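# Inside the fold
One letter stands for each residue in the lines below.
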Amino acid sequence: VIVANGKVTPMPLLDWEAERKLLCRSLREAGGLAKLTFSHATTDVLRTVITKGCRVLHYSGHGNSNFLSFEDGAGLFHPLENERLKHLFAAGAGDSAAGNPKPKLVFVSACSSRKAAEAFLEAGAKHVVCVETLSEIEDRAAQAFTRAFYCALVRGFFVQDAFQIGQAAVETCPMVGRGVPSNAV
């Protein structure tokens with residue numbers, strides 16, 4: 001829910017299934033061989049994924065400059081503030097038999113997610129792609145960016161180059177009016 005001017009309204013629904021299909025299709029068409037796992041965003045799932053290890057962590061949800069939206073395990077809203085996100089992501093970063101399983105890349109597909117991206121970086125992520133703009137991101141812009149970015153990444157481009165390719169895809173997409181991702185950190 002969102003509370004604005006004393007009124008409680010539900011958060012807009014995101015089309016998770018369309019994003020899942022887009023990611024799978026983009027990787028397949030780029031010739032990538034990757035094991036993908038999809039789940040609802042709970043702090044337990046996030047910590048488990050990090051502990052087990054992955055190369056790329058892709059978060060898609062709602063965010064603002066103070067938190068990313070997670071679920072509480074019962075489908076209810078659980079805001080995870082950036083400092084708590086950093087602590088959860090950083091846990092276990094010391095020497096261990098398992099090595100450092102931190103993802104090399106975190107992709108945060110959420111509005112106003114730069115502060116969350118900074119938390120991921122401070123906690124040990126090497127690269128983070130995020131959205132700096134304060135306006136809502138148009139779904140088509142996010143889809144065009146995501147598709148071009150992952151295609152370039154799978155084909156061996158560096159993260160910064162893949163980011164620029166994603167931006168160019170959004171800027172030239174005829175169905176997009178606004179919402180070009182403006183920063184990678």
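Residues numbered from 1 in each chain as written. Predicted model: local features only at pLDDT ≥ 70, side-chain atom pairs only at ≥ 80, totals over all residues. Heavy atoms only, no water.

Spanning 14 residues, helix α6 (residues 159-172) covers 20 Å between terminal C-alpha atoms, matching the ideal 20 Å at 1.5 Å per step. The set of residues buried in α6 consists of Val159, Ala162, Phe163, Gly166, Gln167 and Val170. Projected onto a plane normal to the axis of α6, the buried residues spread over an arc of 145° and lie on a single side. For α6, the exposed residues lying more than 90 degrees away from the buried face are Glu171 and Thr172. (Helix = DSSP H or I, 4+ residues; strand = E, 2+ residues; numbered from the N terminus. Expected span 1.5 Å × (residues − 1). Buried < 20%, exposed > 50% of the residue type's maximum accessible area, 1.4 Å probe, protein only. Arc of directions from axis to C-beta.)

To continue, consider the packing of helix α1 (residues 16-29) against helix α5 (residues 139-154). The N-to-C vectors of α1 and α5 enclose an angle of 35°; their axes lie 9 Å apart at closest approach. The hand of the α1/α5 crossing is right-handed. In contact with Leu22, Leu23, Arg25, Ser26, Leu27 and Glu29 of α1, α5 contributes Gln143, Thr146, Arg147, Tyr150 and Val154. (Axes fitted to C-alpha atoms, helices over the stretch in contact; angles between N-to-C directions. Left-handed = near helix turned anticlockwise from the far one by under 90°. Contact = heavy atoms within 4.5 Å.)

Attention now moves to the packing of α5 against α6. Two elements in contact, α5 and α6, have axes whose closest approach is 8 Å; the angle formed by their N-to-C orientations is 145°. Here the hand of the crossing between α5 and α6 comes out right-handed. Residue-level contacts link Ala141, Ala144, Phe145, Ala148, Phe149, Ala152 and Leu153 of α5 to Val159, Ala162, Phe163, Ile165, Gly166, Gln167, Ala169 and Val170 of α6. Considering only residue class, the contact of α5 with α6 consists of 13 nonpolar, two polar and no charged. (Nonpolar A, V, L, I, M, F, W, Y, C, P; charged D, E, K, R; others polar.)

Another aspect to go through is the side chain of Arg47. Turning to its location among the elements, Arg47 is positioned in helix α2 (residues 43-52). Despite being buried, Arg47 has no salt bridge partner; Asp44 is the closest side chain of opposite charge, sitting 8.5 Å away. For Arg47, the side chain forms a polar contact with the main-chain oxygen of Ala91, separated by 3.1 Å. Not counting residues within four places of it along the chain, the set of residues in contact with Arg47 comprises Leu88, Phe89 and Ala91. (Lys, Arg positive; Asp, Glu negative; His and termini not counted. Salt bridge = Lys/Arg side-chain N within 4 Å of Asp/Glu carboxyl O. Polar contact = N/O pair within 3.5 Å; in protein donor to acceptor, adjacent residues only side chain to side chain.)

Another point: the nonpolar core. Core analysis: the largest hydrophobic core is formed by 21 residues, its most contacted members being Leu68, Leu85, Phe89, Val106, Val108 and Phe120. Setting aside anything within four residues of it in sequence, one finds Val108 in contact with Tyr59, Leu68, Ser113, Phe120, Val128, Val129, Cys130 and Val131. (Core = buried A, V, L, I, M, F, W, Y, C linked by side-chain atoms within 4.5 Å.)

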